[in-house]
Amino acid sequence: METSIAGRSRSVILLPAGIAALDALSLSLILPLVPFFAMRFGASPVAITAMVAVYGAAGLVGAPLLGRISDFVGRKPVILLCLCGMALANFVMFYAGSLVVVFFARALAGAMSSNITILEALVADNTTPEARTSGMAMLGFAGAAGLVLGPLAGGLLAGSGAESSARLTFAVAGATCLVAVVALLVVWNMTTDRTSRDRRPPGKWRQIVHAVMANRTLLGLNLCAFVVQYVVLTTMSVTALWTHYRFGFGPREVGVIVAMCATGMIAAQVLLMMGLLRSVPAAVTLPAAFMMSAAALLFLVLAPRSALVFPGFFLLYCGLGTAIPVVTSAVSSAAPDDEQGTILGVMNAVKGGAEIAAPIAAGIVFTAFSISAPFLLAAALLVGGTLLFALSTRRK
């Protein structure tokens, strides 16, 4: 049984992987910059984390809706729509003159971030169930590669944080999305794109949600997806503030941290992509990844020197980078072929719920308790998620 991708299977994954890399590059170009840019308009720590929540709320709506549409019209037209929407969101940020406009741009970007749902479904359409974890890992690897380059380039473009440099960074991010649009159009026919012509219509929303809730294993996997995304969004929403208040970091240092996170994801996903962990079942891999991530968060909280922050985030994202493709592959394997986009959309909607909850909770505990409280809360959820997953996969 082949559990790694090779030959034609690898070649047909190149399109979604390449789009994921450019998509992540565009996103991460502005990631270290957005909190500091929002501060220019008087945004408080709560407002900044609320901005991340708005991004997540838009994704909560967009992921299942666009995933369902892709089950009817095909994956690639919806990917094209998302890329154009992301380009528009970045150009809106370029022209933003108030905090309201910044919030609008982040909401639009959040809705269009559902692109990842469609890319995952496209990978599922072009891989066997046995090779799907490797395929999802390749998708994650490409995205992480974009995340390595993006924050470094974004930090350099932003420089010390001058407004003109910040706006230039948003323009470059928008142009990167347009490059992805051109790449998609050039290699349009590289992958199989199943549409309603060779599918039965997806079930009704109520039936789909009931199927997810009734399946104990699938429900446990969705809880894992929620926890992983909660931790990711916690770090995304407060790391810039946490490192600034604790160690005096600015956009450049935060950009290096984001690059270290992406490098950690790459290290983990290369192992999965090559099938080196194929003998380890998900019931072992996921709890181990969760506990490693929890330990890394505690390491960050206790770190006495700023230099230790960088390896701490690397270890954190090694754990998260292992968990993400394993969860996605397991959910995809449990979904019918003709409802891949819809079921993966539901999973990404669950993750969208985490994208709403995490920034709000992080902002509240950051302000009310301590700057390290969001990391401690995330670590506790990882431990709790491990226990819940063990219960959901336990034989009756």
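Keep in mind that what you see is a predicted model, and the values were worked out from it rather than measured. (Residues numbered from 1 in each chain as written. Predicted model: local features only at pLDDT ≥ 70, side-chain atom pairs only at ≥ 80, totals over all residues. Heavy atoms only, no water.)

Participant: Let's hear about the overall build of the chain: which residues, and what values?
Facilitator: From N to C terminus, the chain includes 15 helices and zero strands. Look at the contacts in the chain between residues 6 or more apart in sequence, and 87% of them connect residues 24 or more apart. Split by element, the accessible area of the chain, about 15,300 Å² in all, is 71% carbon and sulfur. (Helix = DSSP H or I, 4+ residues; strand = E, 2+ residues; numbered from the N terminus. Contact = heavy atoms within 4.5 Å. Areas by Shrake-Rupley, 256 points an atom, 1.4 Å probe, with all protein chains shown as cover.)

Participant: Residues and numbers for the packing of aromatic side chains, please.
Facilitator: The description of an aromatic ring pair uses the distance of the two centres, along with the angle that the planes make with each other. For the coordinates displayed, the defined rule picks out eight aromatic pairs. Between the aromatic rings of phenylalanine 247 and phenylalanine 249, the centroid separation amounts to 5.8 Å while the plane-to-plane angle is 35°, which identifies the pairing as tilted. Of the aromatic side chains, those joined through ring pairs into one cluster are Trp242, Phe247, Phe249, Phe310, Phe313 and Phe375. (Phe/Tyr/Trp six-rings, centres within 6.5 Å; stacked < 30°, edge-to-face > 60°.)

Participant: Describe the packing of helix α4 (residues 75-95) against helix α5 (residues 99-112), naming the residues involved and giving the relevant values.
Facilitator: Put simply, α4 and α5 touch, their axes get as near as 8 Å, and they point 165° apart. In terms of orientation, α4 and α5 fall into the roughly antiparallel class. You can see that α4 and α5 cross each other, and the crossing is left-handed. Here Leu81, Cys82, Gly85, Met86, Leu88, Ala89, Val92 and Met93 of α4 lie close against α5, whose contacting residues are Val101, Val102, Phe104, Ala105, Arg106, Leu108, Ala109 and Met112. For the contact of α4 with α5, the class distribution of residues is 14 nonpolar, one polar and one charged. (Axes fitted to C-alpha atoms, helices over the stretch in contact; angles between N-to-C directions. Parallel < 35°, antiparallel > 145°, perpendicular 65-115°, else oblique. Left-handed = near helix turned anticlockwise from the far one by under 90°. Nonpolar A, V, L, I, M, F, W, Y, C, P; charged D, E, K, R; others polar.)

Participant: Talk me through a nonpolar patch on the surface; I want residue IDs and the actual numbers.
Facilitator: On the surface, a nonpolar cluster with roughly 310 Å² of combined accessible area is contributed by Leu65, Ile69, Phe72 and Val73. Relative to the helices and strands, phenylalanine 72 resides in helix α3 (residues 45-73). Look at phenylalanine 72 and you get partly exposed, because its relative accessible area is 33%. (Patch = residues over 30% accessible without salt bridge, like charges linked within 9 Å, V, L, I, M, F, W, Y side chains within 5 Å. Salt bridge = Lys/Arg side-chain N within 4 Å of Asp/Glu carboxyl O. Buried < 20%, exposed > 50% of the residue type's maximum accessible area, 1.4 Å probe, protein only.)

Participant: An account of the confidence of the model for the chain is needed here, citing residue identities and associated values.
Facilitator: Per-residue confidence for the chain averages 76 on the pLDDT scale, and 76% of its residues sit at or above 70. Across the chain, the secondary-structure element scoring lowest on mean pLDDT is helix α9 (residues 205-214), at 60, and the one scoring highest is helix α12 (residues 282-302), at 87. Here residues 1-8 scores under 50 on pLDDT; set against residues more than four positions off or in separate chains, the count is 20 contacts. (pLDDT = per-residue confidence, 0-100.)

Participant: Which residues make up the environment of glycine 319, and what values go with them?
Facilitator: Mapped onto the fold, glycine 319 is located in helix α13 (residues 309-334). Spatially, the C-alpha atoms of glycine 319 and alanine 295 are 9.7 Å apart, while their sequence positions differ by 24 residues. Residues in contact with glycine 319, not counting those within four places in the same chain, are Ala289, Met292 and Ser293.

Participant: Before we move on, can you summarise the nonpolar core with the specific residues and values?
Facilitator: Residues Leu286, Leu297, Phe313, Leu316 and Val331 are the most contacted members of the largest nonpolar core, which totals 66 residues. By residue number, the principal contributor to this core is helix α10 (residues 216-247), which donates 13 residues. Discounting chain neighbours no more than four positions away, the residues touching leucine 286 are Leu221, Cys224, Ala323, Val326, Val327 and Phe389. Core analysis: the second largest hydrophobic core is formed by 18 residues, Ala20, Ile79, Leu119 and Met136 among them. (Core = buried A, V, L, I, M, F, W, Y, C linked by side-chain atoms within 4.5 Å.)

Participant: Please give an account of α10 that cites residues and values.
Facilitator: The end-to-end C-alpha separation of α10 is 44 Å, in line with the 46 Å expected for 32 residues at 1.5 Å each. Backbone geometry just after α10 places glycine 248 at a positive phi near 75°. (Expected span 1.5 Å × (residues − 1).)

Participant: An account of the packing of α4 against helix α6 (residues 115-125) is requested, with residue identities and associated values reported.
Facilitator: In the contact formed by α4 and α6, the axes pass within 9 Å of each other and the chain directions differ by 155°. Taken together, α4 and α6 sit at an angle that is classed as roughly antiparallel. The chirality of how α4 crosses α6 is left-handed. Counted together, Arg75, Val78, Ile79, Cys82 and Leu83 of α4 and Asn115, Ile118, Leu119, Ala121, Leu122 and Asp125 of α6 form the full contact between these two elements. Along the lines of polarity and charge, the residues of the contact of α4 with α6 split into eight nonpolar, one polar and two charged.

Participant: Break down the side chain of threonine 243 for me, citing the residues and quoting the values.
Facilitator: Along the polypeptide, threonine 243 turns up in helix α10. A polar contact of 2.7 Å, which involves the side chain of threonine 243, links it to the backbone oxygen of threonine 239. Filtering out sequence-adjacent residues up to four positions away, threonine 243 remains in contact with Gly248, Phe249, Val254, Ile257 and Val309. (Polar contact = N/O pair within 3.5 Å; in protein donor to acceptor, adjacent residues only side chain to side chain.)

Participant: Kindly report on the environment of alanine 175, identifying the contributing residues and their values.
Facilitator: Looking at where alanine 175 falls in the secondary structure, it is placed in helix α8 (residues 163-186). Along the sequence, alanine 175 and alanine 87 sit 88 residues apart, while their C-alpha atoms lie 6.8 Å from each other.

Participant: Which residues make up the side chain of threonine 386, and what values do they have?
Facilitator: You can see threonine 386 is positioned in helix α15 (residues 373-393). A residue is classified by how much of its surface remains accessible, and threonine 386, at 12% relative accessible area, is buried. Among the polar contacts made by the side chain of threonine 386, one reaches the main-chain carbonyl oxygen of leucine 382 at a distance of 2.9 Å. Leave out the neighbours within four places in its chain, and threonine 386 touches Pro287, Phe290 and Met291.

Participant: Hey, could you go over the state of the cysteines for me, with residue numbers and the actual values?
Facilitator: Within this structure, the stated rule accounts for zero disulfides. Note on cysteine 82: no disulfide assigned, nearest cysteine sulfur contributed by cysteine 84 at a separation of 9.5 Å. The exposure class assigned to cysteine 82 is buried, which follows from its relative accessible area of 0%. (Disulfide = S-S within 2.5 Å.)

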